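# A look at the structure
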Amino acid sequence: MTQPVTIIMIEDDEGHARLIERNIRRSGVNNEIVSFATGTEAMRHLFGADGSGLVQKGNALLILLDLNLPDMTGIDILRQIKENKYLKASPVVVLTTTDDSQEIKRCYELGCNVYITKPVNYENFANAIRQLGLFFSVIQVPPAAT
């Protein structure tokens, strides 16, 4: 039996966070979504009090990551996730306004699984998230290392 996937959303823009969650739900994805407005909160949750990531052992996570956070960069978060033995297999979807080709290349080199530039237009953004939700409904996510 596969464990349900928890979606970890790291997004500081409250409006974007609501739009993302609403449109993921509209696409039929009912997985738990745990939302964080800062990198610090997200890192505390992902890595636990001891910073080892052991707290996530055996959990199936899918991480939605904004690059532009108020307290740290999404690049730093991505790097730490992909360097951690418990979290490195968790898919990371970068969802950001940054469309700089160097930044995109860097994210893929660090191990992001999907890089999506947020459309500026509301309808296009909502549609992109609904399509992302459909993608979530079919992908397989491994549990964190045991």
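Cut-offs and rules
- Residues numbered from 1 in each chain as written.
- Predicted model: local features only at pLDDT ≥ 70, side-chain atom pairs only at ≥ 80, totals over all residues.
- Heavy atoms only, no water.
- Buried < 20%, exposed > 50% of the residue type's maximum accessible area, 1.4 Å probe, protein only.
- Helix = DSSP H or I, 4+ residues; strand = E, 2+ residues; numbered from the N terminus.
- Pairing = 2+ DSSP bridges.
- Expected span 1.5 Å × (residues − 1).
- Arc of directions from axis to C-beta.
- Contact = heavy atoms within 4.5 Å.
- Polar contact = N/O pair within 3.5 Å; in protein donor to acceptor, adjacent residues only side chain to side chain.

## Remarks on the pairing of strand β4 (residues 92–96)
Counting buried positions along β4 gives five out of five residues, so the element sits mostly inside the fold. What you see with β4 is no split at all: V92, V94 and T96 on one side and V93 and L95 on the other are buried throughout. As defined by bridge partners, strand β3 (residues 60–65) adjoins β4 across three bridges and the pair is classed as parallel. Bridge pairing links I63 to V92 in β4.

## Description of helix α1 (residues 14–26)
Taking 1.5 Å per residue as the helical rise, α1 with its 13 residues ought to reach 18 Å, and the 18 Å between its terminal C-alpha atoms agrees with that figure. Every buried residue of α1 is accounted for by A17, L19, I20, N23 and I24. End-on, the buried residues of α1 take up no more than an arc of 165°, which puts them together on one face. Counted as exposed and oriented over 90 degrees from the buried face of α1: E14 and R26. Of the surrounding secondary structure, the elements contacted by the buried residues of α1 are β1 (5–10), β2 (33–36), β3, β4 and α5 (122–138). By the N-cap criterion, in which a side-chain oxygen at the helix start approaches the backbone nitrogen of a residue two or three places on, α1 is capped by D13, the distance to G15 being 2.9 Å.

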